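Descriptive structure summary
What follows is the residue order along each chain.
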Amino acid sequence: MIRDKVKQAQDRQRSYEDNCRRPLEFVEGDHVFLKVTPRLRLKGPFKSLLLDAIEIESDLTFEPLPSRIVGKEIKVLRNKEIPLVKVQWDVTHPGDATWELESEMQDAYPHLFRLG
């Protein structure tokens, strides 16, 4: 009896959602709202582009490249110290920087750590 009621509720919610859902189609030049992964923190209306101009993986993701290291910090836990670096990911968005593990960044992007 409980399973039947849960199934009915799920079906009802699914039908409400299906009625609100519609297929989206865009042409080049349309204004769209883009929300990207939290790492980049990009939001807002953008103009759509041809997908040929952007390198996107088959699973519709892309890997941003870091442009520079803007800070260093050591996170101190009870019995451990974790070196972190603040990475500026893209020069077109100067406010977007995240804290990353220094060891991972040195392995992946050693050119960011070379002196002058």
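My aim in this report is to walk through the structure given alongside it, one point at a time. (Residues numbered from 1 in each chain as written. Predicted model: local features only at pLDDT ≥ 70, side-chain atom pairs only at ≥ 80, totals over all residues. Heavy atoms only, no water.)

**Brief notes about the pattern of salt bridges**
Basically, it comes down to this: Note on definitions: salt bridges are taken to be side-chain nitrogens of Lys or Arg within 4 Å of carboxyl oxygens of Asp or Glu. Here a strand is any run of E in DSSP of at least two residues, a helix any run of H or I of at least four, and the numbering for each starts at the N terminus. Exposed residues in this analysis have more than 50% of their type's maximum accessible area, buried residues have under 20%, and partly exposed residues fall in between, with area computed by a 1.4 Å probe over protein chains only.
Under the criterion given, the structure shown has three salt bridges. Close ionic contact of lysine 7 with aspartate 11 constitutes a salt bridge, the shortest N to O distance being 3.2 Å. Residue lysine 7 and its partner aspartate 11 are located together in helix H1 (residues 2-20), separated by four residues, close to a single helical turn. Residue class for lysine 7 comes out partly exposed when judged on its relative accessible area of 46%. A salt bridge links arginine 14 to aspartate 11; the shortest N-O distance between them is 3.1 Å. Here the residue arginine 14 and the residue aspartate 11 both occupy positions in helix H1, the gap between them amounting to three residues, near one helical turn. Note on aspartate 11: relative accessible area 32%, which makes it partly exposed.

**Quick look at the sheet that holds strand E4 (residues 81-88)**
Short version of the rule: Two strands form a pair only when DSSP identifies at least two bridges running between them. Fitting a line to C-alpha atoms yields each axis, with helices limited to the stretch in contact; the angle taken between N-to-C directions then spans 0 to 180 degrees.
In spatial order, the strands read E3-E4-E5; together these three strands make up an open sheet with antiparallel pairing. Two strands close off the open sheet at either side, each with one partner strand: strand E3 (68-76) and strand E5 (97-101). Going from strand to strand, the sheet's axes swing by 30 degrees on average, the running direction of each strand aside. As defined by bridge partners, E4 adjoins E5 across five bridges and the pair is classed as antiparallel. Looking at the pairing, glutamine 88 lines up with alanine 97 of E5.

**What about the pairing of E3?**
Along any regular strand the residues' side chains alternate between the sheet's two faces. The sheet contact formed by E3 and E4 spans eight bridges and is antiparallel. Counted as the bridge partner of lysine 72 is valine 85 from E4. The hairpin turn running from E3 into E4, its antiparallel successor, is four residues long.

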